[in-house]
Amino acid sequence: MSVSKRFRWSAVLDHSILIIGSLIMILPVVMLLQMASTTDIHTMKNGPGLIFGDQLPVNFEKAMFKADGFTGANTGVRMLYNSMILGFGFAIGKIVIGMMAAYAIVYFRLRFATLAFWVIFTTLLLPLEVRILPSYEIVQRLGMLNTYQGLIIPLIASATATFFFRQFFRSIPEELVEAARIDGAGPIKFFVDILVPLSRTMIAAMFIIMFVYGWNQYLWPTMITTEEGMFTLVRGIKQITQTLEGTNLPEYGRSNLLAIIAILPPVLIVIFFQSWFVKGLTESDK
Amino acid sequence: MAQVSLNNVRKVYPNGFEAVKPASFRIEDGEFVVLVGPSGCGKSTMLRMIAGLEDISDGALTIGDRVVNDVDPADRDIAMVFQNYALYPHMTVAKNIGYGLKNRKIPAADIAAKVQEAATMLNLTDYLDRKPSQLSGGQRQRVAMGRAIVRDPSLFLFDEPLSNLDAKLRNQMRIEIKALQRRLGVTSVYVTHDQVEAMTMADRIIVMNAGRIEQIGTPAEVYHSPASTFVASFMGAPPMNLLTGRAEAGRVRVGNVMLHQHHEDRDLTVGIRPEDIIPDSHGHLEVEVTLIEELGAHRLLHGQMQGHPLTIHVGKDHPVETGHIRAAIKPNAVSLFDPASGVRL
Ligand SMILES: Nc1ncnc2c1ncn2[C@@H]1O[C@H](COP(=O)(O)OP(=O)(O)O)[C@@H](O)[C@H]1O
Ligand SMILES: [Mg+2]
């Protein structure tokens, strides 16, 4: 028997751990799918199970187009749209602001650049949850409750993005900056023509992280949006499961299908940018 | 085309370190000047001041007939080639070469024509659509040259452009750069720590040491009449033999061997190039050879004379034997230096 084919217990162990781990990860998704495919009564009676039903189209119809409440504005489509705006606005805003802040800190002789950087960095210790009351008050006074600006802008400054872009910019060779200076590229040209294209992979990485982070926001949208037309998916699903009262049957199918829809965009973003990632890593070098 | 002149140009870094002590020299139109010196002696600092990448602390820098101390690098009408090429990694070769022109708002058609012309000159026409990462070191260096050429500058600046290449390619590129400069006739300042590059490429050499200019001269002057013991030992491989001697009654002696004449009684450092010593059975130098280096075309004998280490450059026919030999010094081949300051007498 050759060495490579020898049976190894450690390999079995490794694989068992991986398989069990992925089952644990996948099981909730399977449960969601299962409950989204049966009638609410079935789920009420039996709980989650292994038998898939044929109610997927019906539940999909409800999930996307049914609205609760008074205005009828919070359909699934609307919530998906709101979540998209929050996710993209959040990610793009954070990347733009983070890059520009890092650009200022790394490339310009500012008097207190280092201090400024560390001040930005310490805001990591002050996440939204800590400063939620003053943040809310500011948004409210500015009249930005129930607006996209109110949802996005207060969260847009990002110490994380600034930090990563700063580290990345510092790794770009000094000579590149100097060559650009001799080539007559001013500060804005250098940023647009050279720094941004060089940062592609970094931007992609930040985009994944920030999009998912924005998409998953729950607390802030809950506080800022009271109009149903402004609900995001994550907040809206909660709302649907909350409207179960009296003799009403909980809408298991609808809410579980919405949950699946809520998972999809982040997954797609990761898949889409991952190929970009690999391309960026293999094709370009600094 | 332009002359460059420096008038007491000095550089003090913000941390108080004086990297370039007040320096004055003039570079003529079309001249190829090489700044040479050991690592850390301030060559790059000097070049970067000329380029405008580093502020000038004191003194005046003139390019053409303009004092350019406060002029932006892009407006100094210069082009620079860096050691690590500094190509824009995300741009194709053509874009890299044309980027400076694009920033000057030159029409795209003219840029394309100029890029094509430069690429032809540098044998890069087949690579115009490649990214720098898909090129070899030598090709990258050519692209960097192309970027300099298309701008049609009045001054080329090179900062150790060949240091990242292997020895063979370095020799080849050395010749190419020199030929190109001759053809274009552009005034050039070339920084290197490699004395071979300095000797072979320069019209004039500026030797620097610890922020100070030690000597300015043609390669022959610098080699044969070094202005200091530093230059004597820096230029030339193997370096000049430096022996401790003394002048008395008009004669310079090392140990009890008479080597030269000098009118003033004093201690001296006596410098002799290895190739200025010739084995000669009637010679009055007695040398104990302890090691022989075979270099193919010639050999180097390492040994002792009167207790001083001595290197002799001999032809390939010299017997490969250690031991006692006699040698003589070629006429007018001795340099004398002040032992304390190292300055040539
Ligand atoms: N930004 C700086 N601040 C302080 N000292 C510097 C700076 N840049 C270079 N130096 C010092 O100045 C000296 C000359 O540097 P440089 O001109 O790069 O030398 P070379 O190119 O001859 O090797 C070195 O001792 C270096 O440490
Ligand atoms: Mg240097």
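Provided above is the structure to which this section pertains.
Everything numeric here is computed off the predicted structure, so don't read it as measured data. (Residues numbered from 1 in each chain as written. Chains lettered and ligands numbered in written order. Predicted model: local features only at pLDDT ≥ 70, side-chain atom pairs only at ≥ 80, totals over all residues. Heavy atoms only, no water.)

Draft legend 1. Looking closely at the layout of surface pockets. Approximately 1100 Å³ is the volume attributed to the largest pocket. Forming the walls of the largest pocket are 39 residues, and the residues nearest its centre are Tyr107, Arg109, Glu174, Val177 and Arg181 of chain A. The set of elements that each furnish at least two residues to the lining of the largest pocket consists of α4 (76–107), α8 (159–171), α9 (174–182) and α10 (187–198) of chain A together with β1 (4–12) of chain B. A per-element tally of the lining of the largest pocket places α9 of chain A first, with five residues. Residues that form the lining of the largest pocket fall into these classes: 22 nonpolar, four polar and 13 charged. Taken as a whole, the second largest pocket spans an internal volume of roughly 470 Å³. As for the second largest pocket, its lining consists of 23 residues, of which Lys94, Arg131, Ala157, Ser158 and Ala159 of chain A are closest to the centre. Counting residues per element, the ones that place at least two in the lining of the second largest pocket are α4, α8 and α11 (200–215) of chain A. In terms of residue count, α4 of chain A provides more of the lining of the second largest pocket than any other element does, four residues in total. Of the residues contributing to the lining of the second largest pocket, the split by class is 15 nonpolar, five polar and three charged. (1 Å grid on protein atoms, 1.4 Å probe; cavity = no way out; pocket = protein on both sides within 12 Å on 5 of 7 lines; lining within 4 Å. Points joined across faces, edges and corners; volume = space filled by probe spheres on them. Helix = DSSP H or I, 4+ residues; strand = E, 2+ residues; numbered from the N terminus. Nonpolar A, V, L, I, M, F, W, Y, C, P; charged D, E, K, R; others polar.)

Draft legend 2. Structural detail: the side chain of Thr187 of chain B. All names here are of chain B. Tracing the backbone through its elements, the reader meets Thr187 in strand β8 (residues 187–192). Residue Thr187 is classed as buried on the basis of its relative accessible area of 0%. Here Ala2 takes part through its backbone oxygen, which lies 2.6 Å from a polar atom of the side chain of Thr187. When neighbours within four sequence positions are excluded, Thr187 is seen to be in contact with Ala2, Ile27, Glu28, Asp29, Gly30, Glu31, Ser154, Leu155 and Phe156. (Buried < 20%, exposed > 50% of the residue type's maximum accessible area, 1.4 Å probe, protein only. Polar contact = N/O pair within 3.5 Å; in protein donor to acceptor, adjacent residues only side chain to side chain. Contact = heavy atoms within 4.5 Å.)

Draft legend 3. Expanded view of the packing of aromatic side chains. Inspection of every chain in the model, using the stated rule, returns 27 aromatic pairs over all chains. Taking the centre distance of 5.7 Å and the plane angle of 35° together, the rings of Phe32 of chain B and Tyr190 of chain B count as tilted. Taken together, the positions of Phe32 of chain B in strand β3 (residues 32–36) and Tyr190 of chain B in strand β8 put the pair 158 residues apart, joining distant regions of the chain. Ring geometry for Phe230 of chain B against Phe234 of chain B: centres 5.6 Å apart, planes inclined by 10°, an arrangement best described as stacked. Taken as a pair, Phe230 of chain B and Phe234 of chain B lie in helix α8 (residues 229–234) at a separation of four residues, close to a single helical turn. Of the two residues, Phe230 of chain B and Phe234 of chain B, neither departs from the other in class, the shared state being buried. One aromatic cluster in this structure is built from Tyr103, Tyr107, Phe108, Phe165, Phe168, Phe169, Phe190 and Phe191 of chain A. Between Arg235 of chain A and the ring centre of Phe231 of chain A, over which it is positioned, the NZ or CZ distance is 4.0 Å. When the ring centre of Phe32 of chain B is taken as origin, the NZ or CZ atom of Lys178 of chain B, which lies over that ring, is 4.9 Å away. (Phe/Tyr/Trp six-rings, centres within 6.5 Å; stacked < 30°, edge-to-face > 60°. Lys NZ or Arg CZ within 6 Å of the ring centre and 35° of its normal.)

Draft legend 4. The arrangement of unusual backbone geometry in detail. Residues and elements named next belong to chain B. Ala237 connects to Pro238 through a cis peptide bond whose omega is 0°. Relative to the assigned elements, Pro238 resides in the loop between α8 and β11 (241–248). One non-glycine residue with positive phi stands out, namely Asn8, at about 50°. Assignment of secondary structure puts Asn8 in strand β1. For Asn8, a relative accessible area of 44% puts it in the partly exposed group. We note that Tyr85 has phi near 70°; this positive angle belongs to a residue other than glycine. For Tyr85, the position within the fold is in the loop between β6 (78–81) and α2 (93–103). The buried category is assigned to Tyr85, whose relative accessible area is 9%.

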